Amino acid sequence: MRALSVSSEALDIRTRLLLSLVVSGVSIYLSGTGPLLALGAATLLYVLASGRYKVILVAYLAVCAMMALTVGVILLSFKIGEWFAAGTSWEQGVAMLKPALLGNFHTPFLRMIPALNVLLAIGLDFSVQRFVGAMKSLHLPRVALVPLMVFCRFVPEFIDVIRQLRDAVRMRGFSMNLGAALIHPIQAIRLTVVPLTVRTLRMADHLSVAAEMKRVGYAKRPTQLLALRFRRVDFAVLAVAACLLAAICAWQAAIPATPYGPSAMKSDQQQEAAHE
Amino acid sequence: MAEVRKGFYWDTESLIVVGLFTALGKAASLLVALLGGGMNPVTLLLKNGIATALLVVMVARVRKFGALMLYTLVAQVVSFLMTGGIMVGTLPLYLLGALVADALIALCGGYRKLWAVLLGVAIYDAFGRLIGLAMSFLMARENIGMVGVGAVIVAFGYLGCLLVGLPCGAKFVKELRHAGIIREL
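Fair warning: this is a prediction, and the values are worked out from it, not measured in the lab.

**Some thoughts on the overall build of chain A**
Helix and strand content of chain A: 11 helices and zero strands. For chain A, the succession of helices and strands along the chain, N to C, is α-α-α-α-α-α-α-α-α-α-α. The buried share of chain A, reckoned over its 276 residues, is 28%. Considering only contacts in chain A between residues 6 or more positions apart, those separated by 24 or more positions represent 78%.

**A short note on the overall build of chain B**
Of regular secondary structure, chain B possesses six helices and zero strands. Each helix and strand of chain B, ordered N terminal to C terminal, gives the series α-α-α-α-α-α. For chain B, restricting intrachain contacts to residue pairs at least 6 apart in sequence, the fraction spanning at least 24 positions comes to 68%.

**Regarding the confidence of the model for chain B**
All names here are of chain B. This prediction gives chain B a mean pLDDT of 83; 86% of its residues lie at or above 70. Highest mean pLDDT in chain B belongs to helix α4 (residues 91-107) (90); lowest belongs to helix α1 (residues 12-36) (82). Listed scores for the predicted complex are pTM 0.74 and ipTM 0.80.

**Considering helix α5 (residues 107-123) of chain A**
Its 17 residues place the ends of α5(A) 25 Å apart at the C-alpha level, agreeing with the 24 Å of an ideal helix rising 1.5 Å per residue. Counting buried residues along α5(A), 14 of its 17 residues qualify, which places the element largely inside the surrounding structure.

**Overview of the packing of helix α1 (residues 13-29) of chain A against helix α6 (residues 128-137) of chain A**
Residue and element names in this part refer to chain A. Packing of α1 against α6 brings their axes to within 9 Å, and their N-to-C directions diverge by 75°. Accordingly, the angle class assigned to the pair α1 and α6 is roughly perpendicular. In contact with I13, R14 and L17 of α1, α6 contributes R130, F131 and A134.

**What about the packing of helix α7 (residues 142-171) of chain A against helix α9 (residues 185-214) of chain A?**
Residues and elements named next belong to chain A. Where α7 contacts α9, the two axes come as close as 11 Å, and the packing angle between them is 135°. It follows from the interaxial angle that α7 and α9 lie oblique. When the axes of α7 and α9 are compared, the crossing they make is right-handed. Contacts from V161, L165 and V169 in α7 reach L191, T192, P195, L196 and R199 in α9.

**Side note on the environment of A51(B)**
All names here are of chain B. When you line up the elements, A51 lands in helix α2 (residues 41-62). It is 8.4 Å that separates the C-alpha atoms of A51 and K26, two residues lying 25 residues apart in sequence. With residues near it in sequence (within four places) discarded, A51 still touches G25, S29 and G165.

**Some details on the confidence of the model for chain A**
Averaged over all residues, the pLDDT of chain A is 76; the fraction at 70 or higher stands at 74%. Here residues 1-6 of chain A is a poorly scored stretch, pLDDT under 50, and it has 13 contacts once near neighbours within four places are set aside; other chains count.

**Here we look at the nonpolar core**
As a rule of thumb, soluble globular proteins bury nonpolar side chains together. Counting residues in each nonpolar core, the largest one holds 75 residues, and the members touching the most others are L20(B), L54(B), V56(B), M58(B) and V59(B). Residues contacting L54(B), with those up to four places away along its chain left out, are T197(A), F21(B), L24(B), G25(B) and A28(B). In terms of nonpolar packing, the next biggest core, distinct from the first, is built from 23 residues, L17(A), L19(A), L30(A) and L116(A) among them.

**Some words on unusual backbone geometry**
Residues and elements named next belong to chain B. For R63, which is not a glycine, the phi torsion comes out positive at approximately 50°. Of note, R63 is situated in the loop between α2 and α3 (67-83). Overall, the presence of 16 C-beta atoms within 10 Å leaves R63 in the partly exposed class.

**Examining α6(A)**
Residues and elements named next belong to chain A. Regarding α6, the residues found buried are V132, G133, M135 and K136. Viewed end-on, α6 has its buried residues packed into an arc of 160°, placing them on one side of the element. Contacts from the buried residues of α6 go to α7. Looking one or two residues beyond α6, the residue adopting positive phi is H139, at roughly 55°.

**Describing the environment of F65(B)**
All names here are of chain B. As for its position among the elements, F65 is in the loop between α2 and α3. Through-space distance from the C-alpha of F65 to that of F172 is 21 Å; in sequence the pair is 107 residues apart. Other than its neighbours up to four places away in sequence, F65 contacts D102 and A106.

What counts, and at which threshold
- Residues numbered from 1 in each chain as written.
- Chains lettered and ligands numbered in written order.
- Predicted model: local features only at pLDDT ≥ 70, side-chain atom pairs only at ≥ 80, totals over all residues.
- Helix = DSSP H or I, 4+ residues; strand = E, 2+ residues; numbered from the N terminus.
- Buried ≥ 20, exposed ≤ 12 C-beta atoms within 10 Å, placed from the backbone.
- Contact = placed C-beta atoms within 7 Å.
- pLDDT = per-residue confidence, 0-100.
- Expected span 1.5 Å × (residues − 1).
- Axes fitted to C-alpha atoms, helices over the stretch in contact; angles between N-to-C directions.
- Parallel < 35°, antiparallel > 145°, perpendicular 65-115°, else oblique.
- Left-handed = near helix turned anticlockwise from the far one by under 90°.
- Core = buried A, V, L, I, M, F, W, Y, C linked by C-beta atoms within 7 Å.
- Arc of directions from axis to C-beta.

Written out as structure tokens, the structure is:
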């Protein structure tokens, strides 16, 4: 399976970025359950080809938990509305939600699945060096390239700094948790954000001096340590993806459009009024 | 030997500051989310407040027209990597919001005036949140309840920006100017 995998060795990072962009755009256009399920299945096969089943399962479980939380918050908001007697009451809320639960409540969640899959396909084989190489090969201007390179290189550094900060705060006898932030918000900000900000500004000073000395970003054509090339497999994957997306879009176009949002609610109310 | 150019509007220092603050913003959001335990009012207030305070410090440090636009460009590319291609379509709108905020700062006396920077960042944040909300409507248009919950969360986040972020940002900039880390003039 690993030999057939659509991993970093097989697919160019630019191919995966392009797929992520196109699939996410198409998933916004789609609204039918069938086309969305088809896109979700196709992208799931694409991400399963990486062979990282455990990570994919964990990501799916996390997204399921997030979806359950969203549904819970929606129901809770109706309950709160009833408590304060200012918004929609519990019965009204459930009555509003019932057709949606039976109808197209699941559509926004289905729309997230293809986006999650293509994102996982990028994230599972992400390498800073390859990403920077891709950005350089896209001929991005210096103003975008230098901050992006700095971002990619320094996120791990900041996570390390935050760990050090947590240890330092503990050594001083303070705790860094929600309760402490709630009781002493100013102290929490003073102990965490201020050292981080000062450290960042000092780091910016040192880094800019080093970058000026090395003339980073001044060359008309940036030096590329890793030459990226489109291979046959990239073209094949892009061609298959284009055909699949065209078919799914055609399927969506064949489905009659259903009203959504306030207009749908209004038409439902009109139907109920006519029925009465 | 590669050809070398001279005379850029964006000097390397400004570009590095923008990149570092984008990284710091993401890392700080992660820190708050880990400490605060997910989606709750305190975490939302703190997360948005810290992000806004850092943005105020960044703009006060870079002090160039287009600082918010550049930050937006980098942050959106990073968002593309973290959330997929969904948000890339909104990049022109975000850039427009940043341009309006930058123009407002320039019209209100420039980047040396702290209140102009605060006003610009407040407008920029409002624009960003409105665009995000419009995007969430597109994603969850079949279920207005979800958009409503999103709107409440966004409104709460903006409250954090106004009540925590801007005062903290103003305080940080004053202290950092006093310490000589941010230039006074």
